[in-house]
Amino acid sequence: MRVSVIGGGEITDEQAARAEAVGRELATRGHTVVCGGRGGTMEAVCRGAKTKGGTTIGILPSERREQANEYVDIPIATGLGHARNALVPLNGDAVIALAGGVGTLSELGFAGIYDRPVVGLETHDVPALEDVLESVTTPEAAVDAVEAAVGEP
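As the structure is a prediction and not an experimental result, all values here were calculated from the model. (Residues numbered from 1 in each chain as written. Predicted model: local features only at pLDDT ≥ 70, side-chain atom pairs only at ≥ 80, totals over all residues. Heavy atoms only, no water.)

1. Observations regarding the pairing of strand S3 (residues 56-60)
Part 1: Burial within S3 is extensive, with five of its five residues counted as buried.
Part 2: Here strand S2 (residues 32-35) pairs with S3 via three bridges, running parallel. Note on S3: the bridge partner recorded for Val34 is Ile57.
Part 3: In terms of handedness, the path from S2 via helix H2 (residues 41-51) over to S3 forms a crossover that is right-handed. (Buried < 20%, exposed > 50% of the residue type's maximum accessible area, 1.4 Å probe, protein only. Helix = DSSP H or I, 4+ residues; strand = E, 2+ residues; numbered from the N terminus. Pairing = 2+ DSSP bridges. Right-handed = clockwise from strand over helix to strand, strands pointing away.)

2. Some details on the pattern of salt bridges
Part 1: Per the counting criterion, the structure on display carries nine salt bridges.
Part 2: With its nearest N and O atoms 3.9 Å apart, the salt bridge here joins Arg24 to Glu20. You can see Arg24 and its partner Glu20 sitting in helix H1 (residues 13-28), four residues apart, about one turn around the helix.
Part 3: Take Arg24: its relative accessible area is 31%, and that puts it in the partly exposed class.
Part 4: With a shortest N-O distance of 2.8 Å, Asp73 and Lys50 are connected by a salt bridge. Taken together, the residues Asp73 in the loop between S3 and strand S4 (74-77) and Lys50 in helix H2 connect sequence positions 23 residues apart.
Part 5: Judged by its relative accessible area of 37%, Asp73 falls in the partly exposed class. (Salt bridge = Lys/Arg side-chain N within 4 Å of Asp/Glu carboxyl O.)

The values are spatial; any link to function lies outside them.
In structure tokens:
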């Protein structure tokens, strides 16, 4: 399955380690990572996935595919700027949300609009999504939760 991973473009070392662990876990289980394709969480999750031979898709805000981070296998240029935030959750079967700012919040909103299962790992507390956002405490639990929500093994 494809799992969209959303989170901040500027993150701490601890947040980067968490995102890498999510990427490794997704790749180990054969899932494809979808993200915004740039730095921070996006780069860390892709880096983690690549260490386990995973496939990564980056949906970029710019018109230039070469602006993707070096761990993106399939860069998709949109030229949409922040409006591309709608496309990141749309292209996943489920969403794992990590720490981030208002861009991450917008992606959380679109995940709700598109009825994607959302699993939060150290992310925002969004009362409007309380019926669809499941909070977990580990990368392994995050992947377990998206697999259960989508019906994957």
